[in-house]
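Secondary and tertiary structure notes
These are the residues of each chain, in order.
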Amino acid sequence: MADSISSVCNLAILDKLSDGSIEEILESYNGFCAATDTLLNGAGDLSVGPQFLSHVHGLCKHGLESLLRDHFLGALERTFEKNGALKFWRHFEAYDDVSVEEEVFYNALEEISLEKQYQEKCLLILVHALQSYNHGSHDSNDYRVELFAKYQMSVSSVLMATLPRHFPEILHWYFKGRLEELSTIMGGDFPHDDDEDDDDDDDDKDDMDLDDKCKVSYRSGQMEIDECYPQGRFLDNNKLVNNIGKVVRDLRSLGFTSMTEDAYASAIFLFLKAKVHDLAGDDYRISVLESIKGWIQAVPLQFLHALLAYLGDSVSYDSVSSGLKSPLASCPSTFYPGIDTPSEGLVRWQLRLEYFAYETLQDLRITKLFEIIVDYPDSSPAIEDLKQCLEYTGQHSKLVESFISALRYRLLTAGASTNDILHQYVSTIKALRTIDPAGVFLEAVGEPIRDYLRGRKDTIKCIVTMLTDGTGGNPNVSGNTGDSLLEELNRDEENQENAGLDDDFHTDDKQAWINASRWEPDPVEADPLKGSRNRRKVDILGMIVGIIGSKDQLVNEYRVMLAEKLLNKSDYDIDTEIRTLELLKIHFGESSMQKCEIMLNDLIDSKRTNGNIKATITQTSQAGSELGDNGVSMDVFDATIISSNFWPQIQDESLNVPGPVDQLLSDYAKRFNEIKTPRKLLWKKSLGTVKLELQFEDRAVQFVVAPVHAAIIMQFQDQTSWTSKNLAAAIGVPTDILNRRINFWISKGILAESLGADSEDHVFTLMEGMVDSGKNGGTNGSIEDLIVADEEGESSVASVEDQLRKEMTVYEKFILGMLTNFGSMALDRIHNTLKMFCIADPPYDKTLQQLQSFLTGLVSEEKLELRDGMYFLKK
Amino acid sequence: MKVNILQWHAVASWTWDAQDETCGICRMAFDGCCPACKLPGDDCPLIWGACNHAFHLHCILKWVNSQTSQAHCPMCRREWQFKG
């Protein structure tokens, strides 16, 4: 091989060679080869040095310098492959998986490093030999560097070529193990358990321009070695970190630079990820961001800091001691080294680690956002964390997408009650308002909820209940929600006051300037179609009203609900209602709440009038006291007097109240007429509340009931058994209603029902002896009874649907007439015709849907027929 | 068994005892109030003329005051006099 090389390279020299010199060359060359072999395989025996030197000189004389260099390098490579690499890999062969023992790892590295050091020594001998021949004609240093670079290259290529597949894993495992060790040592106040998740998918983010960063830090890192450690842990850590540093340095010298960095970076990131998952967990009531940051400072950054510092030492050949001077000197109190004099590389690492932590936490929180929002007020620390993460990472769109899909999957389903959806909606608004005050993302997230809620019938009702039931009066609604919405009303009031200031034309320039300088552009994700930030001001009530579309519907529903509540009041205490109304007025405007205000005013007036009438009536009439045993005194009688024009339609059923009461009513009305001439009273006898006591022989039970219940039970005073027909006639209600209402007493065990002679006619009997007093609330169950009575007493105010039906009946004649003339008509045509002709009082202002539901009602009453989308008169 | 009524809270609506439903001037219900008022009832009473026609007090006052000479009842054109 040597000959062939020389024949190729040195043809010109070859010609000039004499036999003598050929002889000499061959001799020198053989000698050189032998010396090389001895040197390389000589296990530290450098005694062949002088001999080697003379051969080198001999060959150089003939200009064969490059030949011997190549040969020597080749020999080095072969020897390294045999002695170094093969042995090195053999250490790991036994371990198919990655769990190589630390000891083995160290030994292997030690061995191969020794081998390499020895070879470098040999190479140095060659270099010296060549230099001594050339007498410095080369730039000696360059020459040395060049040779060493070549050697280094061959070492790494040999290793790379024989690299077992699992070696990177082994490295990864090694660093992970060390990191955990370090974490246990450092983690006095950051306890952690090693529940590593073994997903290897995440270690890919770390191999971007690692080398640059590390190199930067070599230079600067050495300035501050070890200053970070608190005194107690110093030695321990130092040893550990030194070990790691040595390993890294050895690996680096073997040419595994990038692989090593990959390994420890991925180990750090995986470790960090596990830590974040561990710290964050499923508890949303505490903020974890700070502790994660603290942990980053305490463990991985310490690790990197020390590592970089150590490597920095070893790269620069200068004095090491300079770094050790400062562990006490520089700020012994602070635990975080990076803050004092962070090296650039360390700062970059810190930024990367923090970004990664933010991202991990953010992903974690985003996937759990639904749960977080479910327990919103408690989970606000988690929301706050998420906000900070998002500010850092800017991945809001991820949040929106993931949350919307969670909503669709978990909330917007038929199984969820409207109340729950609304509750979640409100929480969402509040939570997202924290994250994103401009409301851009909220808009995107809220859209599906709003769309869905619009399709639900009871949405308005639920909203109004939430708005008004601040005190949690209705057990069906979670008081919390109501509270929060009422709070919103309150908050809104304050805002309005502030807004009033802002709108003031006389705001001075200074204020204007402050406002202007506070302006921030919308986030890039903002939809330009949706208007500017001003209009998008996050306003929970506004967003809730937005679900319904118009405030009129909401106000109407509120009015119905308010009427119901007011009519069932037996005292005149309306303080909470007044407060709610005032708040609503601020939000919806005074004019739309006008009717509700009149309703409340009626109550106030009633109280006054009631007092007035009762005070004067006892002077003039003795009706109450004359009635003896069965009597009802005027003292226990109160009335609510309403301005019926302003109240929702009231379902007034006919009812014959018991005689004494009827007497009271007419006295009362007469007195009213006297006081308020020419106004008179029209009693709505079925409305109101009655508190009564049933006195049995052995006990007395109190109830709060509707007048119809009172009328029923009072009939049983004189006659303990009634047939339903007779009873219905006596109290003046239709039999079916009686049968429905009397169930109240049956369920209380006061009355018993049995079939009479006529199958249509039931017989009700008073259970005087009270077989089972404990069955449904005895003497002491009056509170429960109160509620039951409330629930059972059917709504005295017509629901919105019923009102609609009443309003539509006006048009029934029109519709029937039209159909008589035209034979059959489609829904559209009926709608349009009505619109065209019914412009007088009352004008036709119903929607197509309303008309359709009315027509459906007529069909079910068998007045109309519907065939193929056309309506006919039923023949 | 004996029923003792401890409290009876009844509900009634009031109405003006007039023959007509709406005020002839503002065309609003008597039981409502005139356009200038917010609260019905005592705050916006009715008034009868000698001719027995009733109007919102505020409506007829406005009418009477707007006439240059002696005012007439808007309904029957008789001379307007408040019923005593």
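Here the residue numbers are simple positions, counted from 1 along each chain's written sequence. Lettering for chains starts from A, numbering for ligands starts from 1, and both go in the order in which the items are written. In keeping with the model being predicted, local features are shown solely for residues with a pLDDT of at least 70 and side-chain atom pairs are shown and tallied solely at 80 or more, while totals for entire chains, interfaces and linings include all residues. Just so you know, side-chain values use all the structure's heavy atoms and leave hydrogens and water out.

Take the overall build of chain B next. Every helix listed is a DSSP run of H or I at least four residues long, and every strand listed is a run of E at least two residues long, numbered separately from the N terminus. A count of helices and strands for chain B gives one helix and three strands. Counting helices and strands in the order they occur from the N terminus, chain B gives β-β-β-α. Using a 1.4 Å probe on the protein chains alone, a residue whose accessible area is under 20% of its type maximum counts as buried, one over 50% counts as exposed, and one in between counts as partly exposed. Relative to its full complement of 84 residues, chain B shows a buried share of 45%. Contacts are assigned to residue pairs with any non-hydrogen atoms lying within 4.5 Å of each other. For chain B, the proportion of contacts with a sequence separation of at least 24, taken over those separated by at least 6, is 43%. For chain B, the computed accessible surface area is about 4,300 Å², with 49% contributed by carbon and sulfur atoms. In this description, accessible areas are obtained by the Shrake-Rupley approach with a 1.4 Å probe, and a residue is regarded as covered only by the protein chains that are shown.

For the rest of this paragraph, the subject is the interface of chain B and chain A. On the side of chain A, 53 residues touch chain B, which itself brings 27 residues to the contact. Both faces combined, the contact of chain B with chain A buries some 3,900 Å², and carbon together with sulfur accounts for 57% of it. A simple way to read buried area is as the amount of 1.4 Å-probe accessible surface that goes missing from two parts once joined, with both sides added. Considering only the side of chain B, the residues that lose the most area to chain A are B:Met1, B:Trp8 and B:His9, jointly responsible for 24% of the buried surface there. Any carboxyl oxygen of Asp or Glu within 4 Å of a side-chain nitrogen of Lys or Arg constitutes a salt bridge here. The interface formed by chain B and chain A holds three salt bridges in total. With a closest N to O distance of 2.4 Å, B:Asp42 and A:Lys676 form a salt bridge. Ranked by residue count, the leading element in the side of chain B that touches chain A is strand S1 (residues 2-16) of chain B, at 15 residues. Only Asp, Glu, Lys and Arg are considered charged, only Ala, Val, Leu, Ile, Met, Phe, Trp, Tyr, Cys and Pro nonpolar, and every remaining residue, Gly among them, polar. Here the residues of the side of chain B that touches chain A are counted per class, giving 15 nonpolar, seven polar and five charged. We call two strands paired when DSSP finds no fewer than two bridges between them. Alignment of strand S1 (residues 637-642) of chain A against S1(B), held across six bridges, turns out to be parallel.

Residues and elements named next belong to chain A. Axes here refer to lines fitted to C-alpha atoms; in helices the fit is confined to the stretch in contact. Angles between the N-to-C directions go from 0 to 180 degrees. Where helix H19 (residues 418-435) meets helix H21 (residues 459-468), the closest approach of the two axes is 9 Å, and the angle between their N-to-C directions is 60°. In this view, H19 runs oblique relative to H21, as classed from their interaxial angle. At the point where H19 passes H21, the crossing takes the right-handed sense. Facing H19, whose interface residues are Thr-418, Asn-419, Leu-422, His-423 and Val-426, H21 presents Thr-459, Cys-462, Ile-463 and Met-466. When an angle is under 35 degrees it counts as roughly parallel; over 145 it counts as roughly antiparallel; between 65 and 115 it counts as roughly perpendicular; any other value is oblique. Crossing chirality is assigned from the near helix's rotation relative to the far helix, an anticlockwise turn below a right angle marking it left-handed and a clockwise turn marking it right-handed.

Tracing the backbone shows A:Lys684 in strand S2 (residues 679-695). Filtering out sequence-adjacent residues up to four positions away, A:Lys684 remains in contact with A:Ile642, A:Ile650, A:Asp652, B:Val11, B:Ala12 and B:Ser13.

With that out of the way, let us pick up unusual backbone geometry. Residues and elements named next belong to chain B. Positive phi is not limited to glycine here, since Arg-27 has a value of about 60°. When you line up the elements, Arg-27 lands in the loop between S1 and strand S2 (46-48). Despite not being glycine, Asn-52 shows a phi value in the positive range, around 75°. Among the residues examined, Asn-52 registers a relative accessible area of 40% and is labelled partly exposed.

As a working rule, side chains carrying opposite charge can pair if their charged atoms are close by. Residues and elements named next belong to chain A. One pass over the full model with this rule turns up 19 salt bridges over all chains. A salt bridge links Arg-454 to Asp-451; the nearest nitrogen and oxygen atoms lie 2.9 Å apart. Remark: Asp-451 and Arg-454 occur in helix H20 (residues 440-454); sequence separation between them is three residues, near one turn of the helix. On the basis of relative accessible area, Arg-454 is assigned to the partly exposed category, the value being 44%. With a shortest N-O distance of 3.0 Å, Lys-614 and Asp-638 are connected by a salt bridge. Separated by 24 residues along the polypeptide, Lys-614 in helix H27 (residues 594-620) and Asp-638 in strand S1 bring together distant segments of the chain. Classification of Lys-614 by relative accessible area gives buried; the value is 18%. A single salt-bridge network, built from bridges that share partners, covers Glu-582, Lys-585 and Glu-597.

Residue and element names in this part refer to chain A. Here H19 crosses H20 at 170°, and the two axes come no closer than 11 Å. By the angle between their axes, H19 is roughly antiparallel relative to H20. When the axes of H19 and H20 are compared, the crossing they make is left-handed. Touching Thr-418, Ile-421, Leu-422, Tyr-425, Thr-428, Ile-429 and Leu-432 of H19 are Leu-442, Val-445, Gly-446, Ile-449, Arg-450, Tyr-452 and Leu-453, all from H20.

Further remarks concern helix H31 (residues 724-731) of chain A. An α-helical segment advances 3.6 residues per turn. Residues three or four places apart therefore align on the same side. Those residues of H31(A) not exposed but buried are A:Ser724, A:Leu727, A:Ala728 and A:Ile731. Down the axis, H31(A) shows its buried residues gathered within 100° of arc, on one side only. To be clear, the arc concerns the directions from the helix axis to the C-beta atoms.

Residue and element names in this part refer to chain A. Alignment of strand S8 (residues 864-867) against strand S9 (residues 870-873), held across four bridges, turns out to be antiparallel. Residue Leu-864 lies in a different strand from S9, and its bridge partner there is Leu-873. Remark: two residues form the turn of the hairpin made by S8 and S9, two consecutive strands paired antiparallel; Asp-868 in that turn has positive phi of roughly 50°.

A separate point is the nonpolar core. It is characteristic of soluble globular proteins that their nonpolar side chains tend to be buried jointly. All names here are of chain A. The biggest cluster of nonpolar side chains holds 91 residues, and the ones touching the most others in it are Phe-72, Leu-159 and Phe-167. For this core, the leading source of residues is helix H6 (residues 102-134), giving 13 residues. Domain segmentation is taken from an automatic or database assignment of domains. Looking at which domains feed residues into this core, each of domain 1 (13-176) and domain 2 (276-311 + 344-368) supplies at least three. If we ignore the near neighbours within four places in the chain, the residues touching Phe-72 are Phe-32, Thr-36, Leu-39, Leu-40, Phe-52, Cys-122, Leu-123 and Leu-126. For the purposes of this section, nonpolar cores are sets of buried Ala, Val, Leu, Ile, Met, Phe, Trp, Tyr and Cys residues that join through side-chain atoms within 4.5 Å.

A separate point is the confidence of the model for chain A. Residue and element names in this part refer to chain A. One number per residue, pLDDT, summarises how confident the predictor is, and it ranges from 0 to 100. For chain A, per-residue confidence averages 72 on the pLDDT scale, and residues scoring 70 or more make up 73% of the total. Confidence, read as mean pLDDT per element, is least for helix H9 (residues 210-221) in chain A (37) and greatest for S1 (89). Here residues 532-536 is modelled with pLDDT under 50, and outside its nearest four sequence neighbours on either side it reaches 12 contacts, counting other chains as well.

Another aspect to go through is the sheet that holds strand S6 (residues 762-766) of chain A. Strands pair in a sheet through their backbones, by hydrogen bonds, and they do so in one of two ways: parallel or antiparallel. Residues and elements named next belong to chain A. Read across the sheet, three strands follow the order S4-S6-S5 without closing on themselves; strand pairing throughout is antiparallel. Sheet topology places strand S4 (721-723) and strand S5 (751-755) at the edges, where each strand pairs with a single neighbour. Along the sheet, successive strands turn relative to each other by an average axial angle of 25°, direction set aside. Strand direction decides the pairing type here: S4 and S6, joined by three bridges, are antiparallel. Within S6, the residue paired with Trp-722 across the bridge is Phe-764. Running over the sheet, H31 touches S4 and S6 and is turned about 90° from S4.

Taken in spatial order, the four strands of this open sheet run S1(A)-S1(B)-S2(A)-S3(A), and their pairing is mixed. Looking at strand neighbours, the two that pair on one side only are S1 and strand S3 (700-705) of chain A, the edges of this open sheet. Each strand axis lies, on average, 25° off the axis of its neighbour in the sheet, ignoring direction. Along the sheet, helix H29 (residues 659-676) of chain A contacts S1 and S2 of chain A together with S1 of chain B; its crossing angle with S2(A), the most-contacted strand, is approximately 145°. Along the sheet, helix H30 (residues 707-715) of chain A makes contact with S2 and S3 of chain A together with S1 of chain B, crossing S2(A) at roughly 55°.

All names here are of chain B. For the purposes of this analysis, a disulfide is any pair of cysteine sulfur atoms at a distance within 2.5 Å. Per the stated rule, a full pass over the model turns up zero disulfides over all chains. The structure places no disulfide on Cys-34, whose sulfur is separated from the nearest cysteine sulfur, that of Cys-44, by 3.7 Å. Take Cys-34: its relative accessible area is 3%, and that puts it in the buried class.

On to the pairing of S1(B), then. Among the 15 residues that make up S1(B), 13 are buried, leaving the element largely enclosed by the rest of the structure. Bridge count between S2(A) and S1(B): 14 bridges; the pairing is antiparallel. Following the sheet pairing, A:Leu694 is matched in S1(B) by B:Val3.

Right, let's get into the confidence of the model for chain B. Residues and elements named next belong to chain B. With 100% of its residues at a pLDDT of at least 70, chain B reaches an overall mean of 86. For chain B, S1 is the element with the lowest average pLDDT, namely 87, and strand S3 (residues 54-56) is the one with the highest, namely 90. Both scores are given for the predicted complex: the pTM is 0.62, the ipTM 0.92.

Here, patches come from residues exposed beyond 30% relative accessible area and free of salt bridges, joined within 9 Å for like charges and within 5 Å for nonpolar side chains (Val, Leu, Ile, Met, Phe, Trp, Tyr). A surface patch of nonpolar side chains, amounting to about 260 Å² of accessible area, comprises A:Leu351, A:Tyr355 and A:Tyr392. When you line up the elements, A:Leu351 lands in helix H15 (residues 344-367).

Attention now moves to the packing of aromatic side chains. All names here are of chain A. Pairing of aromatic rings covers Phe, Tyr and the six-membered ring of Trp, with a centre-to-centre limit of 6.5 Å; geometry is then stacked below 30 degrees between planes, edge-to-face above 60, and tilted otherwise. Here the structure, examined in full by the defined rule, presents 14 aromatic pairs over all chains. Taken together, a centroid distance of 5.9 Å and an interplanar angle of 75° make the contact between Phe-637 and Trp-683 edge-to-face. One end of the pair, Phe-637, is in strand S1; the other, Trp-683, is in strand S2, with 46 residues separating them in the sequence. Neither residue differs from the other here; Phe-637 and Trp-683 are each classed as buried. Relative to Trp-745, the ring of Phe-744 has its centre 4.9 Å away and its plane inclined at 75°; by these criteria the two rings are edge-to-face. Exposure remark for Phe-744: the relative accessible area of 0% places this residue in the buried category. Taken together, the aromatic side chains of Phe-269, Trp-349 and Phe-356 make up a single cluster linked through ring pairs.

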